[in-house]
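Each chain, letter by letter, is given below.
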Amino acid sequence: MAKDVAILGVGMHPWGKWGKNFVEYGIKACQDALKDAGVAWKDIQFISGADTVRCGYPGYVAGATFAQALGWSGARVASSYAACASGATAMNTARAQILAGFCDVALVVGADTTPKGFLAPTAGERRDDPDWLRFRLLGATNPTYFAFYARRRMDLYGATDRDFAKVKVKNSKHGLHNPNARYRKEVTEDEVLASPMVSDPLRLLEICATSDGGAAVVLSSMEYARKRTTKPITIAAISTVTPKYPNTIIEMPNFATDSAAVASAPEVAFRDSIAGAAYEEAGVGPEDVSLAEVYDLSSALELDWYENIGLCTPGDAERLLNDGATTLGGRVPVNPSGGLSCFGEAVPAQAIAQVCELVWQLRGQANGRQVQNAKVGITVNQGLFGHGSSVIVRR
Amino acid sequence: MGKTQVPAIEGWFTTEAQARLLGSRCKKCRSYFFPKEALFCRNPGCAGTEFEEVPLSRTGKVWSFTTNHYQPPAPYVSPDPFVPYTVAAVELAQEQMVVLGQVAAGVDPKSLRVGMNVELVLETLYQDDKAEYLVWKWKPVNG
């Protein structure tokens, strides 16, 4: 418990294709989070920005960019880039500052403006960049990798197209009343299965879109929080683990896995180790979890995460889904926010947005999508080039 | 009559009839790497800094595969009109690693199965006025 930090406030800019500068999304999220926390910007001692690399120079130095936009206050600053795990890394940076006693209260923010369609590598002739090369030599888009995992589920566990469609149906229902979700429309299995094939077996409605969006949280020491509230929501763990060698599951943007010919594969595979490290740090287990926000880059990938965060054993995710356990009202609702399925992806904001949802759920403020009596929530996420990310929040 | 054929990337594969991918192997712990590692061994239990170039197994088993039906962004060089293409992840037995590659032209993705034996072939990935650019692809054995 000594290592908890408090989440005093949360805020978001709704996801969508708004065509604005990313700073505007971030500022809206910051202002909402500060208001929610009851903390003035000038009282924030540390600002931690999650970077976006598609927004040029200000995006690379997100912390200072947002500090300038909010009005220079002399706050200390950091900027973090970890692809999709950028938001968790930025939260971890702020948490470490607080736990080290360097500051009492910090603002964490991530926001993004994305292009339409596939996330493409950085432009130019970049023959030493594996991310550039995978597009050039293989045409291996992000959904290509998601499809490998989906196909494996079909082969190993007998997952069907209809199972994958059901994940999308569930999440579309969850996101219906979420004011920050981009897509608020119920879809049927047949509609999912009738949508165009993108990367076989994954269809258009099963792959997360790229979106604009922003999210922010105000973190503080427990002592600072107790002066303001008797029931603070806390971060009990943030996992930012890297894989262990040899990483034997193919991952973006790599051409090949590590070889297990000399060093044998680790006992715990990378995706399992992400949540595993968070559980260990928080001193809780999957059985304690009331809800989870997982990174459903594809509908099929959500099923992988059920197993990776220990909600069921490998091969049992389809049963968990079909039994309704992960639906609102079920034993452990997954993606009550609607997930990436309803939000789309705004890379540096995503991991922060997952935590915002947990806070609303744990406070009982998730109108229209509330998980009853939620006590412990977990997020999980993975950034390319080996960035694990998982946050455990409790009340 | 044909244009000059050149590898789409230098040093990643041989261009002989029975083409092979070129990886590297740590001289100390004998770990394989593809693409080649040349600086420092990525096995955390090894501090090797010397590597030898090694051709990798030219056959393997399909770990997974997918057919992409949407045109990817640049730098993929897409034929006009766009043609869907299949990418496979293939397990090499000796190296115990999975290597990606497009699937050879003309292979019906419906005929592919996880666990199927495939072999390495070279095909033209794209061309411009100057040359045809070759890349490795996976093709079912006897397929």
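Our structure is the block above this text.
Residues numbered from 1 in each chain as written. Chains lettered and ligands numbered in written order. Predicted model: local features only at pLDDT ≥ 70, side-chain atom pairs only at ≥ 80, totals over all residues. Heavy atoms only, no water.

**Describing the overall build of chain A**
Right, on to step 1. A tally of regular secondary structure across chain A gives 14 helices and 11 strands.
Right, on to step 2. Here the C-alpha atoms of chain A give a radius of gyration of 20 Å, agreeing with the 21 Å that 2.2 N^0.38 yields for 395 residues.
Right, on to step 3. Within chain A, buried positions represent 63% of all 395 residues.
Right, on to step 4. A separation threshold of at least 6 residues defines the contact pool for chain A, and within that pool the share at least 24 residues apart is 74%.
Right, on to step 5. In the form shown here, chain A has an accessible surface area of approximately 14300 Å², with 51% of it arising from carbon and sulfur atoms. (Helix = DSSP H or I, 4+ residues; strand = E, 2+ residues; numbered from the N terminus. Rg over C-alpha atoms; globule rule 2.2 N^0.38 Å. Buried < 20%, exposed > 50% of the residue type's maximum accessible area, 1.4 Å probe, protein only. Contact = heavy atoms within 4.5 Å. Areas by Shrake-Rupley, 256 points an atom, 1.4 Å probe, with all protein chains shown as cover.)

**Observations concerning the nonpolar core**
Right, on to step 1. Within the largest apolar cluster, 101 residues are counted, with the highest numbers of intra-cluster contacts made by L137(A), I309(A), I392(A), F34(B), W136(B) and W138(B).
Right, on to step 2. The element that contributes the greatest number of residues to this core is helix 6 (residues 142–157) of chain A, accounting for 7 residues.
Right, on to step 3. With 39 residues, the next largest nonpolar core counts F46(A), A215(A), I233(A) and A346(A) among its residues. (Core = buried A, V, L, I, M, F, W, Y, C linked by side-chain atoms within 4.5 Å.)

**Examining the side chain of D296(A)**
Residue and element names in this part refer to chain A.
Right, on to step 1. Along the chain, D296 falls in the loop between strand 9 (291–293) and helix 11 (299–308).
Right, on to step 2. Buried and without a salt bridge, D296 has K170 as its closest oppositely charged side chain, separated by 7.1 Å.
Right, on to step 3. Of note is the side chain of D296, whose polar atom sits 3.2 Å from the side chain of N171.
Right, on to step 4. There is a polar contact of 2.7 Å between the side chain of D296 and the backbone nitrogen of L340.
Right, on to step 5. In this structure D296 touches N171, C208, E302, N335, G338, G339, L340 and S341, once residues within four positions along its chain are discounted. (Lys, Arg positive; Asp, Glu negative; His and termini not counted. Salt bridge = Lys/Arg side-chain N within 4 Å of Asp/Glu carboxyl O. Polar contact = N/O pair within 3.5 Å; in protein donor to acceptor, adjacent residues only side chain to side chain.)

**Section: the sheet that holds strand 8 (residues 233–239) of chain A**
Residue and element names in this part refer to chain A.
Right, on to step 1. Here we have 9 strands laid out as an open sheet, ordered 3-2-4-7-1-8-11-10-9, and mixed in their pairing. Pairing within the sheet leaves two strands with one partner each, and these edge strands are strand 3 (76–80) and strand 9. Averaged over neighbouring strand pairs, the angle between their axes works out to 25 degrees when direction is ignored.
Right, on to step 2. Alignment of strand 10 (residues 376–383) against strand 11 (residues 387–394), held across 8 bridges, turns out to be antiparallel. Across the sheet, residue I378 finds its bridge partner in strand 11, namely I392.
Right, on to step 3. Along the sheet, helix 4 (residues 86–99) contacts strand 1 (5–16), strand 2 (46–50), strand 3, strand 4 (105–112), strand 7 (212–220), strand 8 and strand 11; its crossing angle with strand 2, the most-contacted strand, is approximately 160 degrees.
Right, on to step 4. Sheet strands in contact with helix 10 (residues 270–282) are strand 8, strand 10 and strand 11, and its direction is about 35 degrees off that of strand 11. (Pairing = 2+ DSSP bridges. Axes fitted to C-alpha atoms, helices over the stretch in contact; angles between N-to-C directions.)

**A short note on the interface of chain B and chain A**
Right, on to step 1. Contact residues are listed per partner, giving 46 residues for chain B and 39 residues for chain A.
Right, on to step 2. With both sides pooled, the region where chain B packs onto chain A buries about 3600 Å², and carbon together with sulfur makes up 64% of that total.
Right, on to step 3. Three residues, W63(B), Y70(B) and P75(B), lead the burial of chain B against chain A; their summed loss comes to 20% of the area buried on that side.
Right, on to step 4. At the boundary of chain B with chain A, the tally comes to 1 salt bridge.
Right, on to step 5. Among the ionic pairs, D258(A) bridges to R42(B), the shortest N-O distance being 3.3 Å.
Right, on to step 6. Linking chain B to chain A there are 18 residue pairs in polar contact (both at pLDDT 80 or more).
Right, on to step 7. For the side of chain B that touches chain A, the elements supplying multiple residues, two or more each, are strand 3 (32–33), strand 5 (59–68), strand 6 (85–92), strand 7 (97–103), strand 8 (117–127) and strand 9 (131–140) of chain B.
Right, on to step 8. A per-class count over the side of chain B that touches chain A returns 31 nonpolar, 12 polar and 3 charged. (Buried area = accessible area lost by both parts, 1.4 Å probe. Nonpolar A, V, L, I, M, F, W, Y, C, P; charged D, E, K, R; others polar.)

**Here we look at the sheet that holds strand 2 (residues 22–26) of chain B**
Residue and element names in this part refer to chain B.
Right, on to step 1. What the 3 strands build is an open sheet, ordered 3-2-4; its pairing is antiparallel. Both edges of this open sheet fall to strand 3 and strand 4 (51–55), since each of them pairs with a single strand only.
Right, on to step 2. Sheet topology note: the strand 2/strand 3 ladder contains 2 bridges and is antiparallel. The partner of R25 across the bridge, within strand 3, is Y32.

**What to know about the side chain of E95(B)**
Right, on to step 1. You can see E95(B) is positioned in the loop between strand 6 and strand 7.
Right, on to step 2. We note that E95(B) is buried and unpaired, the nearest opposite charge coming from R20(B) at a distance of 6.2 Å.
Right, on to step 3. Residues contacting E95(B), with those up to four places away along its chain left out, are S259(A), A260(A), A261(A), Y32(B), L56(B) and S57(B).

**A few points about the pattern of salt bridges**
Residues and elements named next belong to chain A.
Right, on to step 1. What the rule picks out here adds up to 29 salt bridges over all chains.
Right, on to step 2. Ionic pairing is found between D36 and R363, a salt bridge with its closest N-O pair at 2.9 Å. Taken together, the residues D36 in helix 1 (residues 22–37) and R363 in helix 14 (residues 347–363) connect sequence positions 327 residues apart.
Right, on to step 3. Residue R363 is classed as partly exposed on the basis of its relative accessible area of 25%.
Right, on to step 4. Here R271 ties to D304 by a salt bridge, and the two come within 3.5 Å at their closest N and O atoms. Of this pair, R271 sits in helix 10 while D304 is found in helix 11, placing the two residues 33 residues apart along the sequence.

Function-wise, these values are silent; they only describe arrangement.
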